[in-house]
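What the coordinates show
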Amino acid sequence: MSEIKTVGVIGAGQMGSGIAHVCALAGYDVVLHDISRDRIDAGLVLIEKNMARQVSRGIIDDAAMAGALSRIRAAEGLEAVGQADLAIEAATENEETKKAIFRSLQPYLKSDTLLASNTSSISITRLASATDRPERFIGLHFMNPVPLMKLVEIIRGIATDVPTYEKAVSFAQSLGKITSNAEDFPAFIVNRVLVPMINEAIYTLYEGVGTVDAIDTAMKLGANHPMGPLELGDFIGLDTVLSIMNVLHEGLADSKYRPCPLLVKYVEAGWLGKKAGRGFYDYRGETPVPTR
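These numbers were taken from a predicted model, which means no experiment stands behind them. (Residues numbered from 1 in each chain as written. Predicted model: local features only at pLDDT ≥ 70, side-chain atom pairs only at ≥ 80, totals over all residues. Heavy atoms only, no water.)

1. Overview of the side chain of D234
Along the chain, D234 falls in helix α10 (residues 229-236). Buried and unpaired, D234 has K274 as its nearest opposite-charge partner, separated by 9.2 Å. A distance of 3.0 Å separates the side chain of D234 from the backbone nitrogen of F280, its partner in a polar contact. Engagement of the side chain of D234 in a polar contact is seen with the backbone nitrogen of Y281, the distance being 3.0 Å. Excluding residues that lie within four positions of it along the chain, D234 makes contacts with L272, G273, K274, G279, F280, Y281 and Y283. (Helix = DSSP H or I, 4+ residues; strand = E, 2+ residues; numbered from the N terminus. Buried < 20%, exposed > 50% of the residue type's maximum accessible area, 1.4 Å probe, protein only. Lys, Arg positive; Asp, Glu negative; His and termini not counted. Salt bridge = Lys/Arg side-chain N within 4 Å of Asp/Glu carboxyl O. Polar contact = N/O pair within 3.5 Å; in protein donor to acceptor, adjacent residues only side chain to side chain. Contact = heavy atoms within 4.5 Å.)

2. Observations concerning the side chain of T160
You can see T160 is positioned in the loop between β7 (151-156) and α7 (162-174). Classification of T160 as buried rests on a relative accessible area of 12%. Of the polar contacts made by the side chain of T160, one reaches the backbone oxygen of F137; its length is 2.7 Å. Here G157 takes part through its backbone nitrogen, which lies 2.8 Å from a polar atom of the side chain of T160. Apart from residues no more than four positions distant in its own chain, T160 is found in contact with P134, E135, F137, I138 and Y165.

3. Examining the pairing of strand β6 (residues 137-142)
Counting buried positions along β6 yields six of six residues, so the element is predominantly enclosed. Burial of the side chains of β6 extends over both faces: F137, G139 and H141 are buried on one face and I138, L140 and F142 on the other. Pairing between strand β5 (residues 114-117) and β6: three bridges, direction parallel. Within the sheet, the bridge partner assigned to L115 lies in β6 and is F137. (Pairing = 2+ DSSP bridges.)

4. Thoughts on the domain arrangement of the protein chain
Size of an interface, as often reported, equals the accessible area lost when the parts are brought together. Each domain of the protein chain was delimited in the assignment, giving domain 1 (6-183) and domain 2 (190-290). A straight line from the C-alpha centre of domain 1 to that of domain 2 covers 26 Å. With eleven residues of domain 1 in contact, the opposing surface of domain 2 contributes six residues. Roughly 680 Å² of surface becomes buried between domain 1 and domain 2 when both sides are summed, with 58% attributable to carbon and sulfur atoms. At the junction of domain 1 with domain 2, the criterion picks out zero salt bridges. Where domain 1 touches domain 2, the interface holds two residue pairs in polar contact (both at pLDDT 80 or more). Residues of the side of domain 1 that touches domain 2, tallied by class, amount to four nonpolar, five polar and two charged. (Domains from an automatic or database assignment. Buried area = accessible area lost by both parts, 1.4 Å probe. Nonpolar A, V, L, I, M, F, W, Y, C, P; charged D, E, K, R; others polar.)

5. Digging into the packing of aromatic side chains
According to the stated counting rule, one finds six aromatic pairs in the structure shown. Ring centres of F102 and F137 lie 5.0 Å apart, and the angle between their planes is 65 degrees; this geometry places the pair in the edge-to-face category. Taken together, the positions of F102 in helix α5 (residues 95-105) and F137 in strand β6 put the pair 35 residues apart, joining distant regions of the chain. There is no split in this pair, since F102 and F137 are both buried. (Phe/Tyr/Trp six-rings, centres within 6.5 Å; stacked < 30°, edge-to-face > 60°.)

6. Some details on the UniProt feature "domain: 3-hydroxyacyl-CoA dehydrogenase C-terminal" (unreviewed entry) in the protein chain
Under the feature "domain: 3-hydroxyacyl-CoA dehydrogenase C-terminal" (unreviewed entry), the UniProt entry names residues 188-283. Annotated as 61% helix and 2% strand, the span residues 188-283 places its first and last C-alpha atoms 31 Å apart. (UniProt positions renumbered as here; feature names shortened; annotations may be inferred.)

Here it is as structure tokens:
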């Protein structure tokens, strides 16, 4: 199997830009794509901003930042992504959207290009079935924020072959990450445990057991969590939390995974968390204020 030298990243949002960031710092040439040039440019600005923060903290130096930024190039079309040695999809957490991306990418793929999805919950086997190379398809679930979090979940689909898995593990480790193998079940390991906890915190709010502030304070001081579950939900994005709960509920057919109606209402209102300015906290002022 050929060596990975070039990485294509589809999706220049928070996750995709973070993946491009760590790949470029590790010495890979990176091609960054999104549905518009504006989105790609916003991703490049975010990468530069986050690298500058790492320089200010002494994590990397100016030379490392300059070298990494020089290795990232924008791609308005999918042709350049298809010519990469590894193409990683990091689009919104929607199965049909992800499958459509892989179908659109397929005409441009080299014969030996590896495919990966950064999905946080969706079946790797099903996503792989939308491609011409399910044996060369794997899940690489990076944690958010990618430059700071050390874990990458590696998920094999039913058809993923051993060389692809071994190459994926080596690649993730080359980024300075620690890998954890997860079986291809809904939400894998981290989100199978984490997101239902957030959903339960929302039920606790919905049922009037505690306020936003009381719930988050209780979990930070009572369970030693660095961030309260409602604050964490806002950080992840409440639309993503809802998508993962729906995958769990539909995939496992267990009522304990039913999304809280209050979570559904917040998403319907467009109160998706920090990225939207409002979620369980209002972020439009100098300091976040609980919305309930």
